[in-house]
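# Examining the three-dimensional arrangement
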Amino acid sequence: MLARNLVRITRFSRGFATHAPSTSTSLPAALHLKTGQSYFGRSFGAPRSIWGETVFSTSITSYTESMTDPSYRGQILVFTTPLIGNYGVPQNKTAVDNKDVGVVLESEKIQCSAVVVADVAEKYSHYTAVESLSSWCARNGVPGITGVDTRAITTLLRDQGTTLGRLTVGNDASLAPPRPEEYWDPTTENLVSQVSTKTPYELNPSGDVKIAVLDFGAKANILRSLVRRGAAVTVLPWNFDFNKIRDQYDGLFLSNGPGDPNHCMEAALNLRRTMQEWDKPIFGICMGHQVIGMAAGLEAYRMRFGNRGHNQPVLALSSSGSIKAGRVYVTSQNHQYALKLQDPFPAGWEPFFINCNDSSVEGIKSTPESGKKVWGVQFHPESAGGPLDTIEMFTDFLAECRAHKLHLNIPRSQPMDAAKAAPNLTHAAPQPIAAAA
């Protein structure tokens, strides 16, 4: 009886794991860095070679969310966690309503150029999984390499800084490494223009407060966090001049995005006018935070290796809404650039958060004396996969928008149609974020 039960338990447990294609039959692969180092392993995913900027993430979970984050556009993503792919990949479709925005992950497809892992899982197990990491990468045309020492790669990148790289697969893996001048630098291009929506579209049009979102490469969970708190959201291209339609909205949100913020100076100049002439609440995250800073007169600079992961501690320097001065919050981050800390700060502005590890600026805000309600944070309060220490900043932002709207005695917003829109704002059917990427 005991032996029969043990057999049943063994068979039952095997039913939870699904086999993925074995890497033992995959093609050889190599990761070459511009600084001269090469690492050799086996390929998975798409059998193609790729150029990119080599970066690392310390996230332990949520590899699917990281890979679909538009902020990773043009980058070869090295995961420090040894085993990747063990819970597979979920179906990436949801409803578009007052709870969801069309996708489960952060965009419709993989956004990074390639992935580097120590050990890709050949079995995956999760109740929502529909395919393996390897098959998902193959379907999206994204190559991967496994069987390399990601600890050594991460240590190298941390010591010398982010570097350009080339992942080669198959016959290319046996070729000599590229010459330094052959490496492609994605930050020389305006990556934001590649991932931003090309046409405006709406989400939850019956919401009680109308929020415009400048899309620099918005993660879906940013839009989801606004929609689930009752906002009617209009997503606009990154360089759309919001000043043309600003009086239709109760607040402005600036999203995250990839690459060098200096490519977004057009948006910063438009925003500078908005902040000078408009007194409604404005909130920015990541790239949006940097654009707010540049509009305020701060300088954005490139960090040595940036901050990417779910474990970055930040110290609040002042209180605002749910944020309390003197408290340390654990945050999720993904950025290569930051705002330069300067003394004195531009008039009407003050530092909001500081990074506890490297003392970089993690947030700025308008001062009470300025009469404005503007906040920017470098981290991601909405982080899918956590931590959610600062998630209530979305609640704080919308509360300010509602309070301002109530103060002005504006009637409850109605669904916007094409006839009510500004001439250059065409009505588009709801669509998943980064569909144009």
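Residues numbered from 1 in each chain as written. Predicted model: local features only at pLDDT ≥ 70, side-chain atom pairs only at ≥ 80, totals over all residues. Heavy atoms only, no water.

This brings us to unusual backbone geometry. Following D343, the chain continues to P344 via a peptide bond in cis, the omega torsion being 5°. Mapped onto the elements, P344 comes out in the loop between β20 (328-339) and β21 (349-355). Its identity is not glycine, yet N204 carries a phi of approximately 50°, on the positive side. With respect to the element layout, N204 can be found in the loop between β14 (201-203) and β15 (209-215). The backbone of C286 sits at a positive phi, close to 60°, despite the residue not being glycine. For C286, the position within the fold is in the loop between β18 (282-285) and α8 (287-296). Among the residues examined, C286 registers a relative accessible area of 2% and is labelled buried. (Helix = DSSP H or I, 4+ residues; strand = E, 2+ residues; numbered from the N terminus. Buried < 20%, exposed > 50% of the residue type's maximum accessible area, 1.4 Å probe, protein only.)

Here the focus is the sheet that holds strand β13 (residues 163-169). Pairing within the closed barrel is mixed, and its seven strands lie in the order β2-β3-β12-β8-β5-β4-β13. For this sheet, the mean angle separating the axes of adjacent strands, direction not counted, is 35°. Running at roughly 90° to strand β4 (residues 50-57), helix α4 (residues 150-160) makes contact with β2 (28-33), β3 (38-45), β4, β5 (75-79), β8 (114-116) and β13 of the sheet. (Pairing = 2+ DSSP bridges. Axes fitted to C-alpha atoms, helices over the stretch in contact; angles between N-to-C directions. Contact = heavy atoms within 4.5 Å.)

It is worth spelling out the pattern of salt bridges at this point. Tallied over the entire structure, the rule returns 17 salt bridges. A cluster of three or more residues bridged by salt bridges with shared partners is formed by D100, R224 and R228. (Salt bridge = Lys/Arg side-chain N within 4 Å of Asp/Glu carboxyl O.)

Bringing the pairing of β2 into the picture now. Across the six residues of β2, five count as buried, placing the element largely inside the fold. Note: β2 against β3, five bridges, orientation antiparallel. Note that in β3 the partner of H32 across the bridge is S38. The loop that links β2 with its antiparallel partner β3 comprises four residues; one of these, G36, has a positive phi angle of about 110°. Direction of pairing for β2 relative to β13: antiparallel, over a ladder of five bridges. Within β13, the residue paired with L31 across the bridge is L167.

Pairing is mixed in the open sheet, where 10 strands are placed in the order β14-β16-β15-β17-β18-β23-β22-β21-β19-β20. A strand with exactly one partner marks an edge of an open sheet, and here the two such strands are β14 and β20. Strand-to-strand twist of the sheet, defined as the mean angle between neighbouring strand axes without regard to direction, takes the value 25°. The sheet contact formed by strand β22 (residues 361-366) and strand β23 (residues 374-377) spans three bridges and is antiparallel. Across the sheet, the residue bridging to G363 is V377, located in β23. The sheet strands contacting helix α9 (residues 392-407) are β15, β16 (231-237), β17 (251-254), β18, β21 and β23, and the helix crosses β15 at an angle near 125°.

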